[in-house]
Amino acid sequence: MAPVAALLALAFLAGAALAADPYAFFDWDVSYITASPLGVPQKVIAINKQFPGPVMNVTTNYNVVVNVLNSLDEPLLITWDGIQQRKNCWQDGVLGTNCPIPPGWNWTYNFQVKDQIGSFFYFPPLSMQRAAGGFGGITVNNRAVISVPFDTPDGDITLFIGDWYKKNHTDLRKMLDDGKELGMPDGVLMNGKGPYKYNDSLVPDGIEYETIKVEPGKTYRFRVHNVGVSTSLNFRIQNHNLAIVETEGSYTMKQNFTNLDIHVGQSYSFLVTMDQNASSDYYIVASPRFVNESVWARVTGVAILQYSNSKGKASGPLPDPPNDEYDKTFSMNQARSIRMDYGEWTENSRGTYNKWDGVSRCTTQVFPGAWTAVMLSLDSPGVWNVRTENLDTWYLGQETYIRVVDPAGGYNVTEMVAPDNMLYCGLLKDKQKAQKPHGSSSSSTFAAKLNGYLVAVLVLLALAFIQ
């Protein structure tokens, strides 16, 4: 081959490699650490010693490779809430499609965030483990060639809210095994931290709280995830509007709220403009919904929004929540405003279903005594888990599975084949291959091979150019 032709061929190969969808590699050690979010030392689940875990920041169509080392004393899985796993249920990370990672073993997830954008989170789905942590954010950014229906914000802030118990998850599990209810939580955490001392009688001394620092006049995107056990929370920021723009990968009609109900397992994006005079810091509040607030007063999460020119600490009462303990109308109307609908179901309700522009999301709420219509597009072959996100009822068995048959007939025609590193358990446990030691995992090996290939191509290009 002539030098010029070789150069062109090699350039094509390099372009093909670089033009392919990029890879993002993560290496996680999931272990226990001791933390005291509500003032009492307890065992929490951390990722690389972080609680909450790190935010996975990727872009649409990225291939994501996550090597997970299970340093817990019990089996582990990680699931990716809202990531569609197109035709690839093998990476969904839930019992039924994946065997758990035994203690001391590692396993590598490999999936693509195909044609998705938005705010999601991951967590350990087994045995009430999310009640001990192990969760973190998944931010899927749009590619530069794809526009979004709002101006680029000045900053991006992830906030995890959720009810929390001082008991370890193993103790909570035993309570359920013994037929007991979990009862009222001990508090609400924000980013793994307890409440700001807004009330001397409700918040003890020495509680570490979350502070979010901002610049006046700028607009920030808040990605808020309810990662709790079972409590619906009302989210609000004192004296600031919340402009909702996205929920779990779907852009919404942009609307301003002073507060919004976020139910367990749900994620929302808000644009918040720092348009106040910063006479003091401002409260960020997540308080329980549909409960007796006088009894649940201690179960309130409070963080601080701090302008760079703030003139003092936040003080005084918290901003008021909706005053509708026994009336779900306010919360239902909020849901309707983002193209969801609820109510008392009758046969005639089928004619009112929104089949045209309903919001596509992974978690929806069902109010007591009411109904929610869910439309599923069964276009992804595989076995898929459908469940409640409330951990107590999920643990007690409130889930099912849907088998979507491959339209081409048989198995593994359009559905992806089972991965080479698939774990085996139960009746198939004898098929399990020997465990590779951590550090020689498929993610590390694949990364090395990919990097080596690209380096080789670039070297060949340089040699061809010299000739």
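Residues numbered from 1 in each chain as written. Predicted model: local features only at pLDDT ≥ 70, side-chain atom pairs only at ≥ 80, totals over all residues. Heavy atoms only, no water.

An unreviewed UniProt entry lists the protein under the name Monocopper oxidase-like protein SKU5, with Eragrostis curvula given as the organism. What the UniProt record of the protein gives under Sequence similarities (unreviewed entry) is the line "Belongs to the multicopper oxidase family." (UniProt positions renumbered as here; feature names shortened; annotations may be inferred.)

A. Structural context of the nonpolar core. Judged by nonpolar contacts, the single largest core of 33 residues is most densely connected at Phe-222, Phe-235, Phe-270, Ile-284 and Leu-305. With sequence-adjacent residues up to four places away left out, Leu-305 is seen in contact with Ile-212, Val-214, Phe-222, Ile-237, His-240, Met-274, Asp-281, Tyr-282 and Ile-284. Core analysis: the next-biggest nonpolar cluster, separate from the first, contains 31 residues, Trp-28, Ile-45, Leu-77 and Phe-111 among them. (Core = buried A, V, L, I, M, F, W, Y, C linked by side-chain atoms within 4.5 Å. Buried < 20%, exposed > 50% of the residue type's maximum accessible area, 1.4 Å probe, protein only. Contact = heavy atoms within 4.5 Å.)

B. Broad picture of the state of the cysteines. Following the criterion strictly, the structure yields one disulfide and no others. Paired through a disulfide, Cys-99 and Cys-425 show a sulfur-sulfur distance of 2.1 Å. One disulfide, between Cys-99 and Cys-425, carries an S-S torsion of -75 degrees and so falls in the left-handed class. With Cys-99 in the loop between strand S5 (79-81) and strand S6 (106-112) and Cys-425 in the loop between strand S23 (399-404) and helix H5 (442-466), this residue pair connects regions lying 326 residues apart in the sequence. (Disulfide = S-S within 2.5 Å. Helix = DSSP H or I, 4+ residues; strand = E, 2+ residues; numbered from the N terminus.)

C. Representation of the sheet that holds S6. The sheet built from four strands is open, its strands ordered S2-S1-S4-S6 with mixed pairing. One side of each edge strand has no neighbouring strand; the edge strands of this open sheet are strand S2 (42-47) and S6. If you compare each strand with its neighbour and ignore which way they point, the axes differ by 20 degrees on average. (Pairing = 2+ DSSP bridges. Axes fitted to C-alpha atoms, helices over the stretch in contact; angles between N-to-C directions.)

D. Summary view of unusual backbone geometry. With omega at -10 degrees, the peptide bond leading from Phe-51 into Pro-52 counts as cis. Mapped onto the elements of the fold, Pro-52 is located in the loop between S2 and strand S3 (56-59). Not every positive phi belongs to a glycine, and Ser-127 is a case in point at roughly 50 degrees. With respect to the element layout, Ser-127 can be found in the loop between strand S7 (118-123) and strand S8 (136-141).

E. Structural detail: the confidence of the model for the protein. Mean pLDDT for the protein: 86, with 87% of residues reaching 70 or above. Note on residues 1-19: pLDDT is under 50 here. Beyond four places in sequence and across chains, it has 16 contacts. Confidence drops under a pLDDT of 50 for residues 439-467, and excluding neighbours within four residues, the segment shows 29 contacts in the predicted structure. (pLDDT = per-residue confidence, 0-100.)

F. Structural context of the sheet that holds strand S16 (residues 260-262). The five strands are arranged S11-S19-S18-S13-S16 in an open sheet whose pairing can be described as mixed. Two strands close off the open sheet at either side, each with one partner strand: strand S11 (211-214) and S16. Strand after strand, the sheet turns through a mean of 25 degrees between neighbouring axes, direction not considered. In the sheet, S11 pairs with strand S19 (residues 301-307) via four bridges, with the strands oriented parallel. The partner of Lys-213 across the bridge, within S19, is Gln-306.

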